[in-house]
Amino acid sequence: MSSFCSGCGNNLAADDRFCRVCGKVAGTDALAPTGIAPPGAVGPAETSGKAIVSLVCGLLFFIPLSFIAAIVFGHLALSDIRKSAGRLHGQGMAIAGLVLGYFWVALVPIVLIIAAIAIPNLLRARMAANESSAVASVRNIVKAETAYASAHPDRGYTCYFGDLTRERLINNSLASGHENGYQFDLLNCHPDNTGGPNTKFQVATHPVTLSQTGVRAFCSDESAVLKVDSTGSLQGCLEHGEMLQ
């Protein structure tokens, strides 16, 4: 006569000494006669909570390591469902959670490789764009100084961005002294003769954060010759900068 395991509800043969599913010893207290519902099998089958957790974690991939939880709970759910003798269902959700979990496990290394290649290239491109903008801004300041000195022969050149802004020779962004990752300075304005108009000036710019917003420093003066320092040093550009080609 066949019977059911009282531990998991698995169908046992007459000569079974142990339950083939849960391993419980088949004894008088572990058996129930055929035709009587095995313990735990009364009522409709329930959905495995672990299967639900697996599916939810697989969908919430943007939460760190959630896909690992999807894989773990997916395997646990399938194991519980196999041992439940029909008391649990949700195999489809568990499999879906596993598929999503393994999908993200396979995708993460690919994303990391792409990021490792793309981010440095993007950073270099941004620095190159910032440097080009800095060169153009230095040239604009030199032109603005020339125009200002022509309009104010009694003063000559100025070392104040505010003077150039009031004359509408430069924009407000450049007048702040910071633009596109570079800091700008007007300095060393002085006349040839004491009390006379300024006949000399220097403009210099350097990266706000070296090797992140830019690499090189640029400078010029009343000669309009643009110079560059490859180390990003403002003082180095003013003292011994190389002519920019």
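In this numbering scheme, every chain counts its residues from 1 along its sequence in written order. Since the coordinates come from a predicted model, pLDDT governs what is reported: local features require at least 70, and pairs of side-chain atoms require 80 or more to be given and counted, while whole-chain, interface and lining totals use all residues. The basis for every side-chain value is the complete set of non-hydrogen atoms in the structure, without hydrogens or water.

1. Regarding the confidence of the model for the protein chain
Going by this rule: On a range of 0 to 100, pLDDT expresses the predictor's confidence in each residue. Runs of E in the DSSP output that reach at least two residues are strands. Runs of H or I that reach at least four are helices, and both are numbered from the N terminus.
Taken as a whole, the protein chain shows an average pLDDT of 87; of its residues, 89% reach a score of 70 or greater. Within the protein chain, no element has a lower average pLDDT than strand β3 (residues 31–33), which sits at 45, and none a higher one than strand β9 (residues 217–221), at 97.

2. As for the state of the cysteines
Convention followed: When two cysteine sulfur atoms are found within 2.5 Å, that pair is recorded as a disulfide.
Under the definition given, this model contains 2 disulfides. Between the sulfur atoms of C159 and its disulfide mate C189 the distance is 2.0 Å. Judged by the torsion about the S-S bond (95°), the C159/C189 disulfide is right-handed. Taken together, the positions of C159 in the loop between α3 (91–151) and α4 (161–166) and C189 in strand β7 (residues 182–191) put the pair 30 residues apart, joining distant regions of the chain. The side chain of C219 participates in a disulfide bridge whose partner is C237; the two sulfur atoms lie 2.2 Å from each other. The disulfide joining C219 to C237 has a torsion of about -95° about its S-S bond and is therefore left-handed. Residue C219 is located in strand β9, and its partner C237 is located in helix α6 (residues 234–240); the two are separated by 18 residues in the primary sequence.

3. Some points on a nonpolar patch on the surface
Formally: Nonpolar side chains (Val, Leu, Ile, Met, Phe, Trp, Tyr) are joined into patches within 5 Å and like charges within 9 Å, using only residues with over 30% relative accessible area and no salt bridge. Using the Shrake-Rupley algorithm and a 1.4 Å probe, accessible areas are obtained, with residue cover drawn only from the displayed protein chains. Whenever a carboxyl oxygen of Asp or Glu lies within 4 Å of a side-chain nitrogen of Lys or Arg, that contact is scored as a salt bridge. Each residue's exposure class comes from its accessible area (1.4 Å probe, protein chains only) as a fraction of the maximum for that residue type: buried when under 20%, exposed when over 50%, partly exposed otherwise.
A contiguous nonpolar patch, built from V53, L65, I68, V72, F73, L76, Y102 and V105 and spanning about 650 Å² of accessible area, is present on the exposed surface. Where the nonpolar patch is concerned, the elements lending two or more residues are α2 (66–83) and α3. For the nonpolar patch, the leading source of residues is α2, giving 4 residues. Structurally, L65 can be placed in the loop between α1 (49–59) and α2. Overall, L65 belongs to the exposed group, its relative accessible area being 59%.

4. With respect to the pairing of strand β8 (residues 198–207)
To keep it simple, the criterion reads: In short, DSSP must find at least two bridges between two strands for them to pair.
Most of β8 is tucked away, with 7 of its 10 residues classed as buried. Strand direction decides the pairing type here: β8 and β9, joined by 4 bridges, are antiparallel. By the bridge assignment for β9, V203 is matched with S220.

5. Concerning the nonpolar core
Here is a general trend for soluble globular proteins: nonpolar side chains tend to be buried in one another's company. For the record, the criterion: For the purposes of this section, nonpolar cores are sets of buried Ala, Val, Leu, Ile, Met, Phe, Trp, Tyr and Cys residues that join through side-chain atoms within 4.5 Å.
Residues I141, F184, L186, V203 and F218 are the most contacted members of the largest nonpolar core, which totals 21 residues. Those elements that provide at least two residues to this core are α3, α4, β7 and β8. Of all the elements, α3 adds the most residues to this core, at 8 residues.

6. Considerations on α1
Residue pairs spaced three or four apart in an α-helix point in one direction, given the helix's 3.6 residues per turn. Going by this rule: The arc in question is the one spanned by the directions pointing from the helix axis to the C-beta atoms. We call two residues contacting when some pair of their heavy atoms lies within 4.5 Å. Think of a polar contact as two N or O atoms within 3.5 Å of one another; within protein, one of them needs to be a possible hydrogen donor and the other a possible acceptor, and neighboring residues in sequence only count if both atoms come from side chains.
Looking at α1, one finds that the buried residues are A51, S54, C57 and G58. Buried residues of α1, seen end-on, are gathered within an arc of 130° and therefore sit on one face of the element. Those residues of α1 that are buried lie in contact with α2 and α3. The N-capping residue of α1, defined by a side-chain oxygen 3.3 Å from the backbone nitrogen of K50, is S48.

7. A short note on the pairing of β9
Across the 5 residues of β9, 5 count as buried, placing the element largely inside the fold. Of the two faces of β9, the one lined by A217, C219 and D221 and the one lined by F218 and S220 are each fully buried. As judged from the 3 bridges shared by β9 and strand β10 (residues 227–229), these two strands associate in the antiparallel manner. Within β10, the position partnered with F218 by the bridge is V228. Taking the residues that link successive antiparallel strands as the turn, the β9-β10 hairpin has 5 residues, and the phi of A224 there is positive, at about 70°.

8. So, the packing of α1 against α3
Heads up, the rule is: Throughout, an axis means a line fitted to C-alpha atoms (over the contacting stretch in the case of helices), and angles, computed between N-to-C directions, take values from 0 to 180 degrees. Less than a right angle of anticlockwise turn of the near helix away from the far helix marks a crossing as left-handed, whereas a clockwise turn marks it as right-handed. Put simply, Ala, Val, Leu, Ile, Met, Phe, Trp, Tyr, Cys and Pro go in the nonpolar bin, Asp, Glu, Lys and Arg in the charged bin, and everything else, Gly too, in the polar bin.
Axis separation between α1 and α3 bottoms out at 7 Å; the angle between their running directions is 30°. The two elements α1 and α3 cross, and the hand of that crossing is left-handed. When α1 is examined against α3, the residues A51, I52, S54, L55, G58 and L59 are found in contact with a partner set consisting of M93, A94, A96, G97, L98, L100 and W104. Within the contact of α1 with α3, the residues separate by chemical class into 10 nonpolar, 3 polar and no charged.

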